[in-house]
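# An overview of the molecular structure
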Amino acid sequence: MHTTDNHSRAILTLAFYWGSILLGMILPWLLLLAFEISAHQRTLAQAFAYVRLHFFTPGYNFFLIGILNAVPFMIFSVFLLFHLGRTPVQEPAFFSRRMAGVLGALLLMFGVSFWTHVTTLVHPDAQGALAYLFLPLVLTVLMPLGYAGGRLVGKLWTR
Amino acid sequence: MTQRHIWLNVGGLIGLVVLLALVYWRNTGSRAVPGLIESLNDADASVRIMATEGLARIGSPAKASVAGLLNHALHDANHSARTNAAAALKTIDLLAARQVMDAYLPALQDQDVQVRRAACEVLGSLGPVAKPAVPALVKVAQDPDDLVRDRAVRALGHIGIPGPEVTSALTRALHDRAFTVRHAAVAEYAFSTMASGETVAVLTALLKDEQKTIASLAQIALDKARQDLKSEAATLAYMLSGNGAKDYALLQVAKLGPNAAGVVPVLIQTLKDDVPLHRYLAAEALGAIGPGAKEAVPALTAGVNDPDPVVRRSVIEALAAIGSAPATGANILPVQ
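From a predicted model like this one, the values you see are computed outputs, not experimental measurements.

### What to know about the overall build of chain B
Regarding its fold elements, chain B presents 19 helices and zero strands. Overall size of chain B, expressed as C-alpha extent along the three principal axes, is 85 × 45 × 40 Å. Within chain B, buried positions represent 45% of all 336 residues.

### Brief notes about the overall build of chain A
Counting secondary structure elements, chain A contains five helices and zero strands. When the helices and strands of chain A are placed in sequence order, the string is α-α-α-α-α. The principal-axis extent of the C-alpha atoms belonging to chain A is close to 55 × 30 × 25 Å. The buried share of chain A, reckoned over its 159 residues, is 28%. In chain A, 74% of the contacts between residues at least 6 apart in sequence involve partners at least 24 apart.

### Section: unusual backbone geometry
A cis amide bond links B:Ile161 with the next residue in sequence, B:Pro162, at an omega value of 0 degrees. One non-glycine residue, A:Gln41, lies in positive phi territory at about 50 degrees. As for its placement among the helices and strands, A:Gln41 is situated in the loop between helix 1 (2-39) and helix 2 (44-53). Phi is positive for A:Asn61, close to 45 degrees, though the residue is something other than glycine. Tracing the backbone through its elements, the reader meets A:Asn61 in the loop between helix 2 and helix 3 (62-85).

### Side note on the packing of helix 6 (residues 94-104) of chain B against helix 19 (residues 309-322) of chain B
Residue and element names in this part refer to chain B. At a minimum axis distance of 7 Å, the contact between helix 6 and helix 19 shows a crossing angle of 85 degrees. As judged from the angle between their axes, helix 6 and helix 19 are roughly perpendicular. Along its contact with helix 6, which presents Leu94, Leu95 and Arg98, the element helix 19 presents Pro309, Val310 and Val311. Tallied by class, the residues present in the contact of helix 6 with helix 19 amount to five nonpolar, no polar and one charged.

### A look at the interface of chain A and chain B
Often the size quoted for an interface is simply the accessible area lost on bringing the parts together. Across the boundary between the two partners, chain A contributes 16 residues, which contact 14 residues of chain B. In terms of residue count, the dominant contributor to the side of chain A that touches chain B is helix 3 of chain A (seven residues). Partitioning the side of chain A that touches chain B into residue classes produces 13 nonpolar, three polar and no charged.

### Section: the environment of B:Leu277
Structurally, the position occupied by B:Leu277 is in helix 17 (residues 276-289). Among all residues touching B:Leu277, those that are not within four sequence positions of it are B:Lys90, B:Thr91, B:Leu94 and B:Asp247.

### Topic: helix 13 (residues 212-225) of chain B
All names here are of chain B. Taking 1.5 Å of rise per residue, the 14 residues of helix 13 would be expected to cover 20 Å, and the 20 Å separating its terminal C-alpha atoms lies within 8% of that figure. Residues of helix 13 that are buried: Ile214, Leu217, Ala218 and Ala221. For helix 13, the arc enclosing every buried residue in end-on projection is 105 degrees, short of the 170-degree limit, so these residues lie on one face. Along helix 13, exposed side chains directed more than 90 degrees from the buried face belong to Lys212 and Asp223. Looking at the buried side of helix 13, the elements it contacts are helix 11 (179-191) and helix 12 (198-206).

### So, helix 11 of chain B
Residue and element names in this part refer to chain B. Between the first and last C-alpha of helix 11 there are 18 Å, a value that for 13 residues agrees with the 18 Å anticipated at 1.5 Å per step. Among the residues of helix 11, Val181, Arg182, His183, Ala184, Ala185, Val186, Glu188, Tyr189 and Ala190 are the ones counted as buried. In this structure, the buried side of helix 11 is in contact with helix 9 (146-159), helix 10 (163-173), helix 12 and helix 13.

Here is what the cut-offs are and how they apply
- Residues numbered from 1 in each chain as written.
- Chains lettered and ligands numbered in written order.
- Predicted model: local features only at pLDDT ≥ 70, side-chain atom pairs only at ≥ 80, totals over all residues.
- Helix = DSSP H or I, 4+ residues; strand = E, 2+ residues; numbered from the N terminus.
- Buried ≥ 20, exposed ≤ 12 C-beta atoms within 10 Å, placed from the backbone.
- Contact = placed C-beta atoms within 7 Å.
- Axes fitted to C-alpha atoms, helices over the stretch in contact; angles between N-to-C directions.
- Parallel < 35°, antiparallel > 145°, perpendicular 65-115°, else oblique.
- Nonpolar A, V, L, I, M, F, W, Y, C, P; charged D, E, K, R; others polar.
- Expected span 1.5 Å × (residues − 1).
- Arc of directions from axis to C-beta.

Below, the structure written as structure tokens:
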């Protein structure tokens, strides 16, 4: 019983670990694609070509935007790997509580990241690029807050 | 999860980071040149334009792209792609940029107005490198077609040197019957060239222009003309000591002429710059300063053997303007 639980927890942990890293990286690119399709009336193929063309172009650097966005998610994914991966097998409640904290942090981080990227695209500004530089710092600060919030909500939920 | 599993996944993340860094390194700087050269042949004009802009930012290390860019500057079906390719060449190879200039000069006399307009735009995109085209553009600035005159005036503004010839053409354009031509000329004085003497009087008259845009630009130009030239030169010297906007600062120094004598020490340093365009512009600026740049003579004499023939020609002209003949036996190759 413990072995089955342990296996499914490991799979869940790894899904969160790699999922948050990859989604953190491709979120800005997905939003750019969606923006090009909706705001500039491009087809998916045209939007894809546009994003690919500007990936490494100075002044656009879509590749770097994705990497910058992924950095806080990489940091958090390492934390969640150790945090969830080293939960004592004989304490299933521990895992649930920790998972609630991890979910809280990820939801807050993805929410803020999504909102920032959408706002920067919809309201372009000469200083807009600064948002891409400050966003990783903001997300890093939000990590513990989101985690604490998630733990609190988890505790209230199971009460 | 076992400790081993956890560390294996952390190792996987480190591997991913290394892979991403490699992808970035492979696609930036001079490593991106082969890919950008390939993109020059793309069927989509916007891809070709983006590739030329990328090559222009790389500058001299993109020398392998000169043949391709030259071909696009002369033969691309898309006008913007031709203009962008020409603009890219000036940062990569001055001699190739001069070849483009030579190829487009006859087009200024073409019967077709579209061809004359396009030729003016390409010559303007070459910036100060197209200085030998100034006399031809000054003539075209009196073309019967409004848009040709407009493009010619804008091209003269972009080239900017030699100062006196460009200034007199721009001042004439301030009287033009066409709004677009007057606008192009007054905007040049408002944002780039410092007005003086006769030009100030013409700009003052333009304050009563029926077009409000022109009147307000004339006011900006007059305010700019009241600026202290020495402090302007000091600002430009500061800009030159940094890494950004060197082309702009050097052209502005050249436009200031003898008033920029205080910038000479910085210009002497710029004569040793790695970028041929910067060395060319430094020599042009020293020539524009004239006898006030005497202390630059030893550096200019050394510049007579510059590896770039366009820079060498400019250095010789600068020495002549300062009043010092270049040493005999200087390695002077003909420049087209």
